[in-house]
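The lines below spell out each chain.
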Amino acid sequence: MKYRTINDLSREAQVYSECSGSPRELRRMKLEHLARLLEAHTSPIRLLSQLEYLPAARREVERVEDSPLTIAYADPVLRAQGLASDRFGDAVRFFDLSLEEAHELFCDCHYPRPIQTGMVARRARWLARKIRVRDLCFAVSRAAKAFWRG
């Protein structure tokens, strides 16, 4: 693997700083980037299987070759942003997904056969745009602080 700085990468791809934007914006940017990677991927993909039946410790380290997770981990931009591996648990944390959202995105039981990268990309975009309760709480908290500061 060739070492490259963030500045080097930013000449070739969009690089998002952890400091820029709200948690919701960071999540959206990461999931949108994943969707673009999946759309550009031309080979067949495989998804994880039966995640809902695995014990938590096993689910955490679950991986499969040629999955959206291996595609994401192969991307130098996502790795530079902190994606630690192509394992399920690392993806859940990096993309800020709930277990239910990650299961919907990465498990084969949610897709018709044959699985196409475009299907997974559309679901990643849907999750990127989804507004969660904790996102609303964050926005209300920021607005209240701004209001009371004057």
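As the structure is a computational prediction, the values presented were derived from the model and not from experiment. (Residues numbered from 1 in each chain as written. Predicted model: local features only at pLDDT ≥ 70, side-chain atom pairs only at ≥ 80, totals over all residues. Heavy atoms only, no water.)

J.: Account for the overall build of the protein, naming residues and giving values.
T.: Along its length, the protein carries 9 helices and 0 strands. Reading the protein from its N end, one meets helices and strands in the order α-α-α-α-α-α-α-α-α. Burial statistics for the protein: of 150 residues in total, 41% are counted as buried. Taking all contacts inside the protein whose residues are at least 6 apart in sequence as the whole, residues at least 24 apart take part in 59%. Roughly 9,100 Å² of accessible area belongs to the protein as shown, and the carbon and sulfur atoms make up 55% of that amount. (Helix = DSSP H or I, 4+ residues; strand = E, 2+ residues; numbered from the N terminus. Buried < 20%, exposed > 50% of the residue type's maximum accessible area, 1.4 Å probe, protein only. Contact = heavy atoms within 4.5 Å. Areas by Shrake-Rupley, 256 points an atom, 1.4 Å probe, with all protein chains shown as cover.)

J.: Explain the packing of helix α2 (residues 23-40) against helix α8 (residues 117-129) to me, and be specific about the residues and the numbers.
T.: Across the interface, α2 lies against α8 with an axial gap of 8 Å and an inter-helix angle of 170 degrees. The angle between α2 and α8 places the two elements in the roughly antiparallel class. When α2 is examined against α8, the residues Arg24, Arg27, Arg28, Leu31, Glu32, Leu34, Ala35, Arg36, Leu38 and Glu39 are found in contact with a partner set consisting of Thr117, Val120, Ala121, Ala124, Arg125, Leu127, Ala128 and Arg129. Its residues assigned to classes, the contact of α2 with α8 comprises 9 nonpolar, 1 polar and 8 charged. (Axes fitted to C-alpha atoms, helices over the stretch in contact; angles between N-to-C directions. Parallel < 35°, antiparallel > 145°, perpendicular 65-115°, else oblique. Nonpolar A, V, L, I, M, F, W, Y, C, P; charged D, E, K, R; others polar.)

J.: Any details on the pattern of salt bridges? Residues and values, ideally.
T.: Under the criterion given, the structure shown has 11 salt bridges. Here Asp86 ties to Arg63 by a salt bridge, and the two come within 2.6 Å at their closest N and O atoms. With Asp86 in the loop between α5 (76-81) and α6 (88-94) and Arg63 in the loop between α3 (56-61) and α4 (68-74), this pair connects stretches of sequence that are 23 residues apart. Overall, Asp86 belongs to the buried group, its relative accessible area being 10%. Residue Arg63 is classed as partly exposed on the basis of its relative accessible area, which comes to 28%. The salt bridge partner of Asp90 is Arg93, with a shortest N-O separation of 2.9 Å. Of this pair, Asp90 and Arg93 both sit in helix α6, 3 residues apart, which is roughly one turn of that helix. (Salt bridge = Lys/Arg side-chain N within 4 Å of Asp/Glu carboxyl O.)

J.: Which residues make up the side chain of Asp86, and what values do they have?
T.: Only 2.6 Å separates the side chain of Asp86 from the side chain of Arg63, close enough to count as a polar contact. Residues within four places of Asp86 in sequence aside, it is in contact with Glu62, Arg63, Leu69, Thr70 and Tyr73. (Polar contact = N/O pair within 3.5 Å; in protein donor to acceptor, adjacent residues only side chain to side chain.)

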